[in-house]
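Summary of structural features
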Amino acid sequence: AIFITPIRFDPQAAFKRKIKLSSEEGAVIQKALQGEKGSGTFLDYRAQQVLAVWRYLPTFRLGMVVKMDSTEVFASANKLRNTLLKISFIILILAIFTAILIARSISRPIKVLTETSKTISAGNFLARAKIEAMDEIGELAQFFNQMTDSLVEAKAVVEQKNVEVEEQKEL
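My aim in this report is to walk through the structure given alongside it, one point at a time.

Thresholds, definitions, all that
- Residues numbered from 1 in each chain as written.
- Predicted model: local features only at pLDDT ≥ 70, side-chain atom pairs only at ≥ 80, totals over all residues.
- Heavy atoms only, no water.
- Salt bridge = Lys/Arg side-chain N within 4 Å of Asp/Glu carboxyl O.
- Helix = DSSP H or I, 4+ residues; strand = E, 2+ residues; numbered from the N terminus.
- Buried < 20%, exposed > 50% of the residue type's maximum accessible area, 1.4 Å probe, protein only.
- Pairing = 2+ DSSP bridges.
- Axes fitted to C-alpha atoms, helices over the stretch in contact; angles between N-to-C directions.
- Parallel < 35°, antiparallel > 145°, perpendicular 65-115°, else oblique.
- Contact = heavy atoms within 4.5 Å.
- Nonpolar A, V, L, I, M, F, W, Y, C, P; charged D, E, K, R; others polar.

A few points about the pattern of salt bridges
Once their charged atoms are close, side chains differing in charge can pair, the charge on each being opposite to the other. Counted by the stated rule, this structure contains eight salt bridges. Close ionic contact of Glu115 with Lys118 constitutes a salt bridge, the shortest N to O distance being 3.8 Å. Taken as a pair, Glu115 and Lys118 lie in helix 2 (residues 70–121) at a separation of three residues, close to a single helical turn. Looking at Glu115, the relative accessible area reads 46%, which means it is partly exposed. Several salt bridges share partner residues, and in doing so they unite Asp44, Arg46 and Asp69 into one network.

And the structure:
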């Protein structure tokens, strides 16, 4: 087989460079000359991996093989993959950061409410939960404060009843 055009890495190849049809590269040319069309990968005359497309041209009674280095063909796909990996990593970091912020915004009011309940259970009935938002946690804090107010009122009623009972005992 004879090259009829210059090739990229051997500009002097036109009508000078020949390959044997029994070689690996020649096998692709044989397929094209036998009327097959197809594509695949193989090693070229420089022993580099290439992607090739071959076809028989019946009008000219020639077989044509077009090839390109695999590294060139996949360069843009590799660049795209690397860019997507970087973007994915950045999105992952942002998602983790956002999840931490959301978790803290939920857990902080619950921790404050827990501390307030510990203070009240220790006997300080003047402590109240701060209502920072009108969401579910703010509603919980509001009902917690109402419960504490009811507890203070119930304690006052019990103390009043105790005073009345003591007064009746003295009579």
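Once the structure has been displayed, the description carries forward.
Looking at the pairing of strand 1 (residues 38–43)
Relative to strand 2 (residues 49–57), strand 1 is paired through six bridges, and the arrangement is antiparallel. Pairing of Ser39 across the sheet is with Val53, part of strand 2. Between strand 1 and the antiparallel strand that follows it, strand 2, lie five residues; Ala47 among them carries a positive phi value of about 65°.

A short note on unusual backbone geometry
One non-glycine residue, Ala47, adopts positive backbone phi at about 65°. Taking the relative accessible area as the measure of exposure, Ala47 reaches 54% and is therefore exposed.

Quick word on the packing of helix 2 against helix 3 (residues 136–170)
Relative to each other, helix 2 and helix 3 sit at 10°, their axes nearing to 10 Å. By the angle class used here, helix 2 and helix 3 are roughly parallel. Judged by residue contacts, Ile106, Pro109, Ile110, Leu113, Thr116, Ser117 and Ile120 of helix 2 engage Ile137, Leu140, Ala141, Phe144 and Thr148 from helix 3. Of the residues in the contact of helix 2 with helix 3, the class split is nine nonpolar, three polar and no charged.

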